[in-house]
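An overview of the molecular structure
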Amino acid sequence: MSDVNLTGIAKSYGGSPVLTDISVSFPSGSFTSLLGPSGSGKTTLLRIIAGFITPEAGAVTIGAEDVTRVPVWARNIGMVFQSYALFPHMTVRDNVAFGLGRRGVKGAEAKRRVDEALEMVRLPGFADRLPKQLSGGQQQRVAMARAIVTEPKVLLLDEPLSALDRRLRQEMQVELLSLQREIGVTTIFVTHDQEEALTLSDQVAILDRGRIVQMGAPAAIYERPATRFAAEFLGDANFFTGRVESGAVAVAGSRITAPDLPEGREVTLAVRPEKISLGAGENGGNRVQARVLNAIYAGANLTYLMEGPGGMGLKVFAQNADGVILPKGAEVTLHWSPDHTILVED
Ligand SMILES: Nc1ncnc2c1ncn2[C@@H]1O[C@H](COP(=O)(O)OP(=O)(O)OP(=O)(O)O)[C@@H](O)[C@H]1O
Ligand SMILES: [Mg+2]
């Protein structure tokens, strides 16, 4: 187990920056998700940590060691690539043993460690198959076994579950987390899937155009997004913009307030759709009039798309507790707490 630290990492391709001033710590044994849109630099960042790419500026340390100039093979990192990248002509055993051979571990010792790794990913008895004789989920496990067999200090996973169907994906999430806890390896996990990031991680880092815009515990980031981008990328949000006057923002006749609003400034306020309730609520809460445009039924819950003050679009999540679905055109009052109204950077 080792912590990983990045300081001032920068990387560009053909003059355009891909990563800018990335400084971040991954504590020893922790599970961190890197979340960001396509092209935001997630794979590039993992490859810099692994040593496939040398940054133009900044340093990578693993434990006490500065590894910025240390080659890939000497870093002791396990990596599962975005496309599992199994060798198609090699058996499962040879695929998993690959990194051991390169470290001089051979014969009976290699066999024992491969068997142990296959046991850990629950694939004993698959050693002699070829990758094409495996399902997607099984191939994913082989890639995982190959990454952990060398007992790496750091495990880098680049969207390892994205090819799997929903059910298998959820199963693998649980397995991945218990495996990670069992071997205690510092893990950095790239995903597009916000729910996956929230459920698996000790911390989540949000990447936008090559910068980490926010990092923290899942609940901290979800409940207190720092920017409009973070609020929209991790979860859904409604936004109200305007100038703060007498402690509130006026939106077409409604006054939206939040703690500690900076008087006189133009601000953007975010509200999660599940924080908004139907009805007038208590005095002192935020309250707007809205009209139902559409109700999207999803079994356990409903999403209402509404037209709010000044014609603005609003999204509201409701539990399907009593089976009542508001019809299109229904006029409703909505309320939510000022404490759930978040001042975000636009
Ligand atoms: N070898 C390269 N040469 C030139 N540009 C590159 C190279 N590798 C990556 N890029 C560019 O760098 C940016 C970041 O790429 P990267 O692969 O890190 O994104 P990503 O966040 O992993 O995206 P995705 O979610 O699609 O996998 C992209 O704009 C990409 O086109
Ligand atoms: Mg990628």
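What you are looking at is a predicted structure, and each value in this text was computed from that prediction instead of being measured. (Residues numbered from 1 in each chain as written. Chains lettered and ligands numbered in written order. Predicted model: local features only at pLDDT ≥ 70, side-chain atom pairs only at ≥ 80, totals over all residues. Heavy atoms only, no water.)

1. Thoughts on the pairing of strand β2 (residues 16-26)
Quick reminder of the rule: Pairing between strands requires that DSSP locate at least two bridges from one strand to the other. Under the scheme used here, helices are H or I runs from DSSP no shorter than 4 residues and strands are E runs no shorter than 2 residues, and both carry numbers assigned from the N terminus.
Bridge analysis of strand β1 (residues 4-13) against β2 gives seven bridges, and the strand direction is antiparallel. The residue bridging I9 from the neighbouring strand is I22, located in β2. The loop that links β1 with its antiparallel partner β2 comprises two residues; one of these, G14, has a positive phi angle of about 50°.

2. Looking at the packing of aromatic side chains
Defined as follows: Two rings from Phe, Tyr or Trp (for Trp, the six-membered ring) form a pair when their centres are within 6.5 Å of each other. A pair whose planes differ by under 30 degrees is stacked, one over 60 is edge-to-face, and the rest are tilted. A ring has a charge above it when a Lys NZ or an Arg CZ is no more than 6 Å from the ring centre and no more than 35 degrees off the ring normal.
Using the criterion set out here, one finds five aromatic pairs in the structure. For the cation-ring pair, R146 lies above F87, with the distance from its terminal atom to the ring centre recorded as 5.4 Å. A cation sits over an aromatic face here: R228 above F239, 4.3 Å from the ring centre.

3. Quick notes on the sheet that holds strand β18 (residues 313-319)
The five strands lie next to each other as β15-β19-β16-β17-β18, forming an open sheet whose pairing is antiparallel. Looking at strand neighbours, the two that pair on one side only are β15 (277-278) and β18, the edges of this open sheet.

4. Considerations on the nonpolar core
The following threshold applies: Take the buried Ala, Val, Leu, Ile, Met, Phe, Trp, Tyr and Cys residues and link them wherever side-chain atoms come within 4.5 Å; each set so joined is a nonpolar core. Three exposure classes are used, based on accessible area relative to the maximum for each residue type with a 1.4 Å probe and protein chains only: buried under 20%, partly exposed in between, and exposed over 50%. Whether two residues are in contact is decided by their heavy atoms: any pair within 4.5 Å suffices.
Grouped together as the largest cluster of nonpolar side chains are 35 residues, with contacts concentrated most on V96 and L118. Broken down by element, the residue count for this core peaks at six residues, all from helix α4 (residues 136-148). Among residues more than four places away in sequence, those in contact with L118 are V92, V96, L123, P124, A127 and A145. Grouped together as the second largest cluster of nonpolar side chains are 27 residues, V24, F26, A50 and V60 included.

5. Section: the domain arrangement of the protein
Spelled out, the test is: Residue ranges for the domains originate in an automatic or database domain assignment. Two parts placed together each lose some accessible area; with a 1.4 Å probe, that loss summed over both constitutes the buried area. A side-chain nitrogen of Lys or Arg and a carboxyl oxygen of Asp or Glu constitute a salt bridge if their distance falls within 4 Å. Throughout this description, a polar contact denotes any pair of N or O atoms lying within 3.5 Å of each other; where both atoms belong to protein, one of them has to be capable of donating a hydrogen while the other can accept it, and for residues adjacent in sequence the pair is counted only when both atoms sit in side chains. Residue type decides the class: Asp, Glu, Lys and Arg count as charged, Ala, Val, Leu, Ile, Met, Phe, Trp, Tyr, Cys and Pro as nonpolar, and the leftover types, Gly among them, as polar.
Here the protein is partitioned into domain 1 (4-225) and domain 2 (236-344). A separation of 39 Å is found between the C-alpha centroids of domain 1 and domain 2. At the interface, five residues of domain 1 touch eight residues of domain 2. For the pair domain 1 and domain 2, the summed buried surface comes to about 570 Å²; carbon and sulfur atoms form 38% of the total. Looking only at domain 1, the three residues that lose the most surface to domain 2 are Y222, R224 and P225, adding up to 80% of its buried area. Where domain 1 meets domain 2, there are one salt bridge. Here K275 makes a salt bridge to E223, at a shortest N to O gap of 3.1 Å. Inspection of the domain 1/domain 2 interface yields four residue pairs in polar contact (both at pLDDT 80 or more). Grouping the constituent residues of the side of domain 1 that touches domain 2 by class yields three nonpolar, no polar and two charged.

6. A closer look at the site of ligand 1
Just so we agree on the cut-off: Whether a residue is near a molecule or strand is decided by its heavy atoms; if any one of them lies within 4 Å of it, the residue is near. Shrake-Rupley sampling with a 1.4 Å probe provides the accessible areas, and residues are treated as covered by the protein chains on show and by no other component.
In the neighbourhood of ligand 1, 13 residues make up the surrounding shell, with S38, G39, K42, T43 and T44 lying closest. Here an oxygen atom of ligand 1 sits 2.5 Å away from a polar atom, N or O, in the side chain of T44. In the complex, 57% of the free accessible area of ligand 1, which totals 640 Å², lies under the protein chains. With three residues, helix α1 (residues 42-50) is the largest single contributor of residues to the shell around ligand 1.

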